[in-house]
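# Residue-level structure breakdown
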Amino acid sequence: MHHATPILVTRSSMPPLEEYEAEIASLWESHWLTNMGEKHHQLEQDLRSFLGVDHIALFVNGHSALECVIEAMGLSGKVITTPYSFASTTHAIVRKGLTPVFADIKPDDYTLDPACVERLVDDETCAIMPVHVYGNLCDVDALAEIARRHGLKVIYDAAHAFAVERDGISAAAFGDASMFSFHATKVFNTVEGGAVCFSDPALAPLLEQWKNFGITGTESVEYVGGNAKMNEFCAAMGICNLRHVREEIEKRRHVAERYWERLEGVPGVRLSLPQPGVTPNYAYLPVVFEEGEFGATRDEVYEALMALDIHPRKYFYPLISDYACYEGRFDSALTPVARHVADRVLTLPMYADLSLEDVDWVCDVVLGARR
Ligand SMILES: *Cc1c(COP(=O)(O)O)cnc(C)c1O
C-alpha cells in the first residue's frame with residue numbers, strides 16, 4: 001500500500017488562491033498596506049462576531065500580543081504559570097521583567113491545577129497565566145475564584161483554543177484577557193498573527209498604543225512600545241481562512257475520531273478526549289505512552305515513526321523549567337505531573353486534510369512499536 005510521505009505533524013490551512021487574490025485586489029487601489037487598514041478592521045469585526053466578544057486587538061503574532069497585554073496592564077512582580085507549554089508563555093513573562101512561578105498541571109487535561117496555583121500565591125503575585133493546552137479548557141471557574149480572592153489578573157494563553165467553547169461560551173470570554181495565536185500551524189491562521197480578547201474597555205487604547213511604539217497622538221509618545229501591528233496581507237488571509245474554519249474543524253473531527261477509534265482502550269495509551277460541555281477544535285492529537293503498560297517508551301514510538309518518514313512532535317518536551325536558558329532557576333521536580341507527561345507525550349500528525357488511510361498507517365506504526 002502506498003502512502004504519501006513524509007507525513008508532517010501539521011499542514012497549514014489555506015483558502016483557494018482565487019479567493020485570496022480577490023481579497024487583496026483592493027490593496028492595489030488603496031496602497032494602504034499596514035497600520036490598521038481596511039482589512040485589519042474587517043478581520044477584527046469578523047472575529048468579534050465569530051468569537052462573540054466585544055473587545056479584540058490584532059497583533060503581528062501571538063507572542064507579541066502576550067507581551068503587549070502585560071505592558072498594557074502595567075504588571076510587575078510574580079506571575080503563576082505552567083511549565084507545560086510552548087516557550088512563548090514563560091518568555092513573555094521574563095522578557096517583560098516579571099518572575100514566573102511554576103505550578104503543576106492536572107493529570108487528566110494537562111491544564112494548570114488550581115490547588116497548586118493557590119498554594120503559590122504570595123504578596124508579590126500579580127497575575128496567573130494559564131494555558132488552554134491542546135484546546136483543553138482550564139478550570140476557569142476555580143482560577144477566577146482564586147484571582148478574585150487575591151486580587152490577581154488572569155491572562156489566558158489561548159493560543160490552542162481558537163473556536164473552543166464551553167456551554168456555548170467562547171474560550172475568548174474567560175479571564176481579564178485571552179491571547180490567541182494565528183500562526184501558520186494553528187487551527188485558524190493569518191500566516192503569522194495573533195489577538196488579545198479582553199473584558200475591560202480601558203485596555204483598548206493602551207493595547208493600540210503599546211503595539212505601535214507607544215505613540216499616543218500625532219505629537220506625543222507616552223510609552224516605550226514596540227512594533228506589533230498586523231499587516232493588511234495577513235489580515236486578508238485571516239478574512240479568507242475564517243470563512244472556512246468551521247469546515248476545517250469538521251474535517252479535523254473525522255481525523256481525531258479515527259485516531260481515537262484505533263487507540264482508545266489500548267493498554268498504556270492515554271488520549272485527550274473532549275471535556276464534558278466543551279466544543280473542541282481538534283487542534284492537536286496528544287498521546288501519552290505509559291511505557292510499562294504499553295510496551296514501548298515514547299522515544300521508541302517516536303523513532304519508529306521517524307524511520308518511516310512520519311514526523312510527530314514531542315510537544316511539550318522539555319518542560320520550560322528545564323530549558324537551557326533557565327538553567328539553575330527552576331526545579332522541575334516541583335511539578336511532578338508536568339514532568340511525567342512531558343517525558344511520555346507525543347503529538348501525532350493532525351490537520352484537516354490528513355487522510356483516514358494515513359491515520360491508519362500512523363496508528364499501525366505506533367502499535368507496531370510495542371515489544
Ligand atoms: C503558538 C503558541 C504561542 C505563540 O504564538 P505565535 O503566534 O507563534 O507568536 C504561544 N503559546 C502557545 C501555547 C502556542 O502554542
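Computed from a prediction, not measured in an experiment: that's the story for all the values here.

So, on to the layout of surface pockets. Reported here for the largest pocket is a volume of approximately 460 Å³. Around the largest pocket sit 29 residues that line it, and Phe86, His183, Thr185, Lys186 and Tyr315 are the ones nearest its centre. Here the lining of the largest pocket is built from residues that sort into 12 nonpolar, 12 polar and five charged.

To continue, consider a nonpolar patch on the surface. A grouping of Phe213, Ile215 and Val221 is seen on the molecular surface, where their side chains present a nonpolar patch of about 270 Å² in accessible area. Note that isoleucine 215 resides in strand β10 (residues 215-217).

Relative orientation of the contacting elements helix α11 (residues 298-307) and helix α13 (residues 356-368) amounts to 135 degrees, with a least axis distance of 9 Å. In terms of orientation, α11 lies oblique with respect to α13. Taken as a pair, α11 and α13 cross one another with a handedness that is right-handed. Contacts between α11 and α13 pair Val301, Ala304 and Leu305 from the former with Val362, Val365 and Val366 from the latter. Here the residues of the contact of α11 with α13 are counted per class, giving six nonpolar, no polar and no charged.

Pairing within the open sheet is antiparallel, and its three strands lie in the order β12-β14-β15. The open sheet has two edge strands with one neighbour each: β12 (269-271) and β15 (345-348). In this sheet, neighbouring strand axes are inclined to one another by 30 degrees on average, regardless of whether the strands run parallel or antiparallel. Relative to β15, strand β14 (residues 285-289) runs antiparallel, the two being bridged by four bridges. Residue pairing across strands places valine 287 opposite leucine 346, the latter belonging to β15. Across the sheet, α11 touches β14 and β15, and the angle it forms with β15 is around 30 degrees.

A word on the site of the ligand. Every one of the 15 residues lining the ligand counts as a neighbour, but Gly62, His63, Asp157, Ser181 and Lys186 are closest to it. At a separation of 2.8 Å, an oxygen atom of the ligand approaches a polar backbone atom of glycine 62. One of the side-chain N or O atoms of tyrosine 315 is found 3.2 Å from an oxygen atom in the ligand. Compared with its free state, where it exposes 380 Å², the ligand has 94% of that area covered by protein. More than half of the atoms of the ligand fall within 2 Å of the grid points belonging to the largest pocket. Every element with two or more residues in the shell around the ligand is listed here: α4 (62-73) and β8 (177-181).

All right, on to the nonpolar core then. Judged by nonpolar contacts, the single largest core of 93 residues is most densely connected at Tyr84, Phe162, Tyr259, Leu263 and Leu348. The element contributing the most residues to this core is helix α9 (residues 232-263), with 11 residues. When near neighbours in sequence (up to four residues on either side) are disregarded, leucine 263 contacts Val269, Leu271, Val287, Leu348, Cys363, Val366 and Leu367. Core analysis: the second largest hydrophobic core is formed by 27 residues, Ala72, Leu75, Cys126 and Ala159 among them.

This part covers empty space enclosed by the protein. In total, this model carries two cavities of 30 Å³ or more according to the counting rule given. The space that makes up the largest cavity amounts to roughly 160 Å³. What lines the largest cavity is a set of 16 residues, and nearest its centre among them are Tyr134, Asn136, Ser272, Pro280 and Tyr282. Considering only residue class, the lining of the largest cavity consists of 11 nonpolar, five polar and no charged. There is about 60 Å³ of room inside the second largest cavity.

To continue, consider the pairing of strand β1 (residues 56-59). Side chains Ile56 and Leu58 of β1 all project onto a buried face; the interleaved residues Ala57 and Phe59 project onto the opposite face, where all are buried too. Sheet topology note: the β1/strand β9 (residues 194-198) ladder contains four bridges and is antiparallel. Paired with isoleucine 56 across the bridge in β9 is cysteine 197.

Within the secondary structure, threonine 81 sits in strand β2 (residues 78-81). A distance of 2.8 Å separates the side chain of threonine 81 from the backbone oxygen of methionine 129, its partner in a polar contact. Apart from residues no more than four positions distant in its own chain, threonine 81 is found in contact with Thr89, Thr90, Ile93, Pro100, Val101, Phe102, Ala103, Leu112 and Met129.

According to the domain assignment, the protein chain contains domain 1 (17-239) and domain 2 (244-368). On a C-alpha basis, the centres of domain 1 and domain 2 stand 25 Å from each other. Between domain 1 and domain 2, the buried area comes to about 3,200 Å², and carbon and sulfur atoms account for 59% of it. When the area that domain 1 buries against domain 2 is broken down by residue, the three leading residues are Tyr84, Tyr134 and Val187, summing to 21%. Remark: the boundary between domain 1 and domain 2 carries zero salt bridges. Linking domain 1 to domain 2 there are 16 residue pairs in polar contact (both at pLDDT 80 or more). Only α5 (87-95), β3 (99-102) and β6 (165-166) provide two or more residues apiece to the side of domain 1 that touches domain 2. By residue number, the principal contributor to the side of domain 1 that touches domain 2 is α5, which donates four residues.

Conventions adopted
Residues numbered from 1 in each chain as written. Predicted model: local features only at pLDDT ≥ 70, side-chain atom pairs only at ≥ 80, totals over all residues. Heavy atoms only, no water. 1 Å grid on protein atoms, 1.4 Å probe; cavity = no way out; pocket = protein on both sides within 12 Å on 5 of 7 lines; lining within 4 Å. Points joined across faces, edges and corners; volume = space filled by probe spheres on them. Nonpolar A, V, L, I, M, F, W, Y, C, P; charged D, E, K, R; others polar. Patch = residues over 30% accessible without salt bridge, like charges linked within 9 Å, V, L, I, M, F, W, Y side chains within 5 Å. Areas by Shrake-Rupley, 256 points an atom, 1.4 Å probe, with all protein chains shown as cover. Salt bridge = Lys/Arg side-chain N within 4 Å of Asp/Glu carboxyl O. Helix = DSSP H or I, 4+ residues; strand = E, 2+ residues; numbered from the N terminus. Axes fitted to C-alpha atoms, helices over the stretch in contact; angles between N-to-C directions. Parallel < 35°, antiparallel > 145°, perpendicular 65-115°, else oblique. Left-handed = near helix turned anticlockwise from the far one by under 90°. Contact = heavy atoms within 4.5 Å. Pairing = 2+ DSSP bridges. Near = heavy atom within 4 Å. Polar contact = N/O pair within 3.5 Å; in protein donor to acceptor, adjacent residues only side chain to side chain. Sits in = over half its atoms within 2 Å of the grid points. Core = buried A, V, L, I, M, F, W, Y, C linked by side-chain atoms within 4.5 Å. Buried < 20%, exposed > 50% of the residue type's maximum accessible area, 1.4 Å probe, protein only. Domains from an automatic or database assignment. Buried area = accessible area lost by both parts, 1.4 Å probe.

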